[in-house]
Amino acid sequence: MQRRFSRQKPGVAVIGCATLIAVLVTAERTPAAVTPEQVRTAIDRGVEYLLRQQRPDGSWPVFANYPDGTTALCTLALLNAGVPVESPEIQQALHQLRQAPPSKTYVVSLQTMALCAAEPKKDKLLIQQLARWLEAAQRKEARDRGGWYYGDTPASTDNSNSQFAMLALSEAERVGVRVNEVTWRVAQAYWRKGQNNDGSWSYKVDGSGGGSGSMTCAGITSMVISADRLGTPDASVDGDQIHCCGGGAEDNSIERALSWLGRNYSVTQNPGQGRQYWLYYMYGLERVGRLTAQRFIGGHDWYREGADVLIQSQDPLSGFWKGNSHDDSDERVSMSYALLFLSKGRRSVLVNKLKHPPGDYWNQHRHDIANLTRYTEDRWERPMTWQVVDVGAATVADMLQAPVVFINGHNAPQLGEEDAQKLREYVDAGGFIFAEACCQGGEFDRGFRHLMKLVFPEPQYELELLPPTHPVWSAEETVDPDYAKPLYGINVGCRTGVIYCDDDLSCLWELSRSGRDAELSPAVRLQIASANSIGINVLAYATNRELKYKEEVDQYLAEGDADDTIQRAKLHIAKLRHTGGWDDAPRALTTLLHLLHDEVGVRVGDERHDLTINDEALFNHPMAFMHGQHSFRLTDAERTNLREFIERGGTLMADAVCGSEAFAASFRREMQEIFPQASLEPIAPEDPLFTSQFGGFDIKSVVRRDPVRRGPDQALDARRVETEPELESITIDGRHAVIFSKYDISCALERHATLECRGYIREDAARIGINVVLYSLAR
């Protein structure tokens, strides 16, 4: 049996650009089973192959008379695959690229992208010079106006060169190099003119040769980039006045192209050209999925299916991928395309924007989450993406691809019991709901509050105004109090699992365009800055700034777990009621039981056994569990019953939710009352409990979150500390009869640990919990 919690640190990462248009295509889909280990291994082998091919001077062999082009492409691929920019190999390659004179469009474009990905501050002047070369190389003649050609000798434009120039100029702008608006405008006209009637693009702007997958990807990418630079926002500014919800022009060219790509979708060939330029097409497909916020194209999970094909087709001995013609025929080029697909396509999804009825009211500000994601990328200094999810078509597992679901609108969301159940399961499984009423959305406000009653029918779950002391206000940045907006929250288990703003945020995110706010008044800029701060604070609070790669996102825990094996189960653990927050992490024990079944094959009971401490039914269980985050006091009768349960061979496991000092102090006091001749003592790191002796895990080291405040804003930071596991116990007759953790285990099991939560990461909380249960059963 393969275990998920073998000692590997969880992959944490994250999107590049995101577009203003997110078009959904829904259909039957069967994502391929790709494991994190397979993806990492494929990337590592590809990296090793490219590094073996590097020359002593830092370059790679010239391909097809493109001096320095192969070096730029290999460098770009290695950087995206995770090779550190400070490594000798990358530094040698950058030295070559800095010396290379600009010559051809392909080479200059790749050179620009590689420098932007490596050390853009250091190379900004050179990047600016390369961008100016590309702008000057753009064709000015009427027939080919707006496109690019190879650049060394006069020739007609082609969509491949033109795409690479667009990509390079986009990356240059992203690092602060201004590109002339006319460049974008004539390029957009070029691409719009060249789109075929069926929505595709060809290699030539006149459509000769028919549409292909690779060139349609080039067209979509270029239209997204130009629309992002030129498109009218769905909000406008007049002096200090901001007008929300309207003004953006519709452009269906991207939707038409995505429809063509969906109808002709493939990850085994280049649609329209068979196996020709296959890996070149795959690099383009990755960009389309990422830039248009699409998880599914033509009903297919493009990354999982594409990754599966690439993993299966990688040469098992050398680690390279080889294409079938021209650009794919060089192993270094094909290797780079494959690496770029695997590494860029796996970027973590930060937010799912929820498509919901009625109409398009869910998307009144089409750039909102794209701009917020870009803002977060820049602050966290790591690439990430976002995507649109249709609530009607999505499963809970689909929603769990992102840690945050964003719900907004003007009209009341028309969501029923089934949709509410999905959202509840999403939150229970660790997801977070961020919601906003835009455009003076009084109807949305009433509708969303009603929806939350459906999602959380229990009386303890209420939307309440979050106080200034709530950690969300300091999770990342300080919010100007003059521009702060009220936030409401629902506390779910260990944390606030829903945060809702009844005033416009998305309108201000819509206007947030880095480097393009010079024309805005200071008051408007302050409003936008405050909205960005609120947005990134909520995202930091919801995620702990910890994001998984796509292939590392856990499958929804409850799917397939409640099978016959579990229903015929034998092990039941009692959960003890008390006044200190006995159910603050309601799914923690259930999750631990599922993990015992999945990881080590223990047959467990699926139903909850919640008992008062003086309940006689306690003696029908080999083990009891308790946690909380508040102070509490037991009655004499409860102390007597608990002592008898433990002395008769029962085991008590407890943890302080989020490292609560109040609960820990109460628990220690109660244990002293119950066992006056004993005390809680640290369990030695070499104790058998921390080994695989009882069928669990060897736990020599663990990772623990220790929240601290950093920087001038005193933002919360969940600092990670690698250390030995720390448990305490009361020993009776040579066994650990009471096992206590002053650090959080429960919230981590629920995936609900927040920035202020002091405790173990989920993988280690699971391993500790499993070992404690197996130890207690064996003793």
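Above this text sits the structure in question.
Residues numbered from 1 in each chain as written. Predicted model: local features only at pLDDT ≥ 70, side-chain atom pairs only at ≥ 80, totals over all residues. Heavy atoms only, no water.

Looking at this structure, how should I read the pattern of salt bridges?
It is possible for side chains bearing opposite charge to pair when their charged atoms get close. Enumeration over the complete set of coordinates arrives at 41 salt bridges. Taking the shortest distance from any N to any O, the salt bridge between Arg295 and Asp301 comes out at 3.1 Å. Residue classification places Arg295 among the buried positions, given a relative accessible area of 10%. We classify Asp301 as buried; its relative accessible area is 3%. As a salt-bridge pair, Glu726 and Arg704 come within 3.3 Å of each other at their nearest N and O atoms. Of this pair, Glu726 sits in the loop between strand E18 (715–723) and strand E19 (728–732) while Arg704 sits in strand E17 (residues 702–710); the two residues are 22 residues apart in sequence, bridging distant segments of the chain. Given a relative accessible area of 30%, Glu726 falls into the partly exposed group. (Salt bridge = Lys/Arg side-chain N within 4 Å of Asp/Glu carboxyl O. Buried < 20%, exposed > 50% of the residue type's maximum accessible area, 1.4 Å probe, protein only. Helix = DSSP H or I, 4+ residues; strand = E, 2+ residues; numbered from the N terminus.)

Help me understand the pairing of strand E14 (residues 623–628) in this model?
Within a regular strand, the side chains alternate between the two sheet faces. For E14, a buried count of 6 out of 6 residues is recorded, marking the element as mostly surrounded by other parts of the structure. Going residue by residue along E14, you find Met623, Phe625 and His627 tucked away on one face and Ala624, Met626 and Gly628 tucked away on the opposite face as well. Both strand E12 (residues 574–577) and E14 contribute to a ladder of 2 bridges, which runs parallel. Within the sheet, the bridge partner assigned to Lys575 lies in E14 and is Phe625. Where E14 lies against strand E15 (residues 651–656), 6 bridges are found, and the strand directions are parallel. Bridging across to E15, Phe625 finds its partner in Met653. (Pairing = 2+ DSSP bridges.)

What's the story with unusual backbone geometry in this structure? I'm lost.
Negative phi characterises most residues that are not glycine, and trans characterises most peptide bonds. Omega for the peptide link from Pro357 to Pro358 comes to 10°, which places this bond in the cis form. Within the element layout of this structure, Pro358 appears in the loop between strand E5 (349–355) and helix H13 (368–380). A positive phi is found at Cys658, a non-glycine position, where the angle reads about 55°. By secondary structure assignment, the location of Cys658 is in the loop between E15 and helix H22 (661–674). Of the residues examined, Cys658 reaches a relative accessible area of 13% and is grouped as buried.

What is the right way to read helix H16 (residues 442–455) from this model?
The periodicity of an α-helix, 3.6 residues per turn, causes residues three or four positions apart to be oriented the same way. The end-to-end C-alpha separation of H16 is 20 Å, in line with the 20 Å expected for 14 residues at 1.5 Å each. Those residues of H16 lying buried are Phe444, Asp445, Gly447, Phe448, Leu451, Met452 and Val455. Considering only its buried residues, H16 is in contact with strand E7 (404–409), helix H15 (417–428), strand E8 (432–437), strand E10 (487–492) and strand E11 (495–501). (Expected span 1.5 Å × (residues − 1). Contact = heavy atoms within 4.5 Å.)

Sorry, what's going on with the sheet that holds strand E9 (residues 464–465) here?
Sheet strands line up and pair through hydrogen bonds in the backbone, either parallel or antiparallel. Strand order in the open sheet made by the 7 strands is E6-E5-E7-E8-E11-E10-E9, with mixed pairing throughout. Two strands lie at the open edges of the sheet, namely strand E6 (385–390) and E9, each paired on one side alone. Looking at chain direction, E7 and E8 are connected through 6 bridges and run parallel. From the neighbouring strand, Asn408 faces E8, where its bridge partner is Glu436. The strands touched by H13 within the sheet are E5, E6 and E7, with E5 carrying the most contacts at an inclination of about 170°. (Axes fitted to C-alpha atoms, helices over the stretch in contact; angles between N-to-C directions.)

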